[in-house]
Amino acid sequence: MQLCDAALNWCMVERGAAIVLLGFMGSGKSSIGRALARRTGLPCFDTDDIVAARFALGITEIFAKFGEVKFREAEDEVLRELSPDRPAIVVTGGGIVVRPANVELVRRLGFVVNLLADEGTLFDRVMRRADRPLLQTENPRQTMIEILRVRAPLYRQAADLEIDTAQLAREEAIDAILSASETFRAAAT
Ligand code: S3P
């Protein structure tokens, strides 16, 4: 577990009541988000699920039919509609940080956690599912490495806490997230 520089800015930006999970595809956001929701009893809002429900299509179909830009616009809209006043677990899509304005939005929602894992673990995990349109290329591993290189610093800059999901069991990751989030909330009041 590692606290980030952004955590030092806790008091400078008005922060909401949510715990927001960021990270690359395969970093464990959805499964940790669901487990956090079960443990805390809070509702879980997954931006991918909400966007998919709005289009009544899977993510791959949205990309194919409407393109990435439309997907990103819908993702932004969902993020803006989430209330910082509502205690919740918010799971974001891996590309949420590509729009700089979204970094402010996620930080406004609450305590921001960057889930990460080494490249090999991420690749094994993302290959288990076929619904990652950005990785439908001739060389998905190379594509993954290139996207990851651009995004890793963006996740890091946005987050208050980093958790390596390749090193911790899911319950340990949850304990670490809840404990850090409580510490920060106590420091902010
Ligand atoms: C994306 C990640 C996906 C989904 C979409 C785009 C990305 O979410 O939002 O395929 O740009 O990294 P997961 O991170 O949940 O796979």
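A quick note: this is a predicted structure, and the numbers were derived from the prediction, not measured.

What counts and what doesn't
- Residues numbered from 1 in each chain as written.
- Predicted model: local features only at pLDDT ≥ 70, side-chain atom pairs only at ≥ 80, totals over all residues.
- Heavy atoms only, no water.
- Near = heavy atom within 4 Å.
- Polar contact = N/O pair within 3.5 Å; in protein donor to acceptor, adjacent residues only side chain to side chain.
- Areas by Shrake-Rupley, 256 points an atom, 1.4 Å probe, with all protein chains shown as cover.
- Nonpolar A, V, L, I, M, F, W, Y, C, P; charged D, E, K, R; others polar.
- Phe/Tyr/Trp six-rings, centres within 6.5 Å; stacked < 30°, edge-to-face > 60°.
- Buried < 20%, exposed > 50% of the residue type's maximum accessible area, 1.4 Å probe, protein only.
- Helix = DSSP H or I, 4+ residues; strand = E, 2+ residues; numbered from the N terminus.
- Expected span 1.5 Å × (residues − 1).
- Contact = heavy atoms within 4.5 Å.

*Asks:* Summarise the site of the ligand; cite the residues concerned and give the values.
*Replies:* In the vicinity of the ligand lie 14 residues, with K29, D48, R72, R132 and R151 positioned nearest. Contacts to the ligand include D48, whose side-chain N or O atom sits 2.7 Å from an oxygen atom. Measuring from an oxygen atom of the ligand, one finds a side-chain N or O atom of R151 at 2.6 Å. Relative to its unbound accessible surface of 380 Å², the ligand loses 97% to contact with the protein. Residues belonging to the shell around the ligand are distributed by class as follows: six nonpolar, three polar and five charged.

*Asks:* Go over the packing of aromatic side chains with me, naming the residues and quoting the values.
*Replies:* Evaluation of the coordinates by the stated rule reveals three aromatic pairs. Look at F63 and F71: their rings are 4.9 Å apart centre to centre, the planes differ by 45 degrees, and that puts the pair in the tilted class. Under the relative-accessibility criterion, F71 is labelled buried at 3%.

*Asks:* Any chance you could break down helix α8 (residues 170-188) for me, citing the residues and the numbers?
*Replies:* Between its first and last C-alpha atoms α8 spans 27 Å; for 19 residues at 1.5 Å apiece the expected length is 27 Å, and the two agree. For α8, the set of buried residues is A173, I174, A176, I177, L178, A180, S181 and F184.

*Asks:* Quick one: what's the story with the environment of T47, residue by residue and with numbers?
*Replies:* On the secondary structure map, T47 appears in helix α2 (residues 47-55). Sequence separation of T47 and M127 is 80 residues, and the distance between their C-alpha atoms is 21 Å. T47 has contacts with E75, V78, L79, V91, T92, G93 and I96, leaving out every residue within four places of it along the chain.

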